[in-house]
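# Summary of structural features
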Amino acid sequence: MRSRYSAFVVRDEAYLLRTWHPRTRPARLGLDAGMRWTGLEILGTEDGSAFHSVGTVTFRASYQGGSLHERSRFERADGAWVYVDGDFLE
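Reference entry: report on the structure contained in this document.

Cut-offs and rules
- Residues numbered from 1 in each chain as written.
- Predicted model: local features only at pLDDT ≥ 70, side-chain atom pairs only at ≥ 80, totals over all residues.
- Heavy atoms only, no water.
- Helix = DSSP H or I, 4+ residues; strand = E, 2+ residues; numbered from the N terminus.
- Buried < 20%, exposed > 50% of the residue type's maximum accessible area, 1.4 Å probe, protein only.
- Pairing = 2+ DSSP bridges.
- Axes fitted to C-alpha atoms, helices over the stretch in contact; angles between N-to-C directions.

Right, let's get into the environment of glutamine 64. Tracing the backbone shows glutamine 64 in the loop between strand E2 (54-63) and strand E3 (66-77). For glutamine 64, a relative accessible area of 58% puts it in the exposed group. Separated by twelve residues in the primary sequence, glutamine 64 and arginine 76 place their C-alpha atoms 32 Å from one another.

This paragraph deals with the sheet that holds strand E1 (residues 37-47). Read from one edge of the open sheet, four strands run E1-E2-E3-E4, paired in antiparallel fashion. The strands lining the two open edges of the sheet, one partner per strand, are E1 and strand E4 (80-88). Sheet twist, expressed as the mean angle between neighbouring strand axes with direction ignored, is 30 degrees. Where E1 lies against E2, nine bridges are found, and the strand directions are antiparallel. Bridge assignment links aspartate 47 to a residue of E2, and that residue is glycine 55.

All right, on to the pairing of E3 then. Inspection of the sheet shows E2 paired to E3 by ten bridges, in the antiparallel sense. Across the sheet, residue phenylalanine 59 finds its bridge partner in E3, namely glutamate 70. Hairpin connection from E2 to E3: two residues lie between these consecutive antiparallel strands, with glycine 65 at a positive phi of about 95 degrees. Sheet topology note: the E3/E4 ladder contains eight bridges and is antiparallel.

The following block contains the structure:
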């Protein structure tokens, strides 16, 4: 999760797509060059250890003017953790 947040900060679309599950990965992201991310707070995790094949991360990512609160789902694909999808929270 932290590495994906960092990739959003520096607008590394290639990394974000590489760490996205092939089943749900978009063709491209179209990241907003004006977006200024200012912080990440991990609020909780479920599963996701070396003994799991799925896991979730609940986080709040702050940006100038607001924040994004999401529960993200991750799965192992070819041995690596990849982002599947997420639910926006209030």
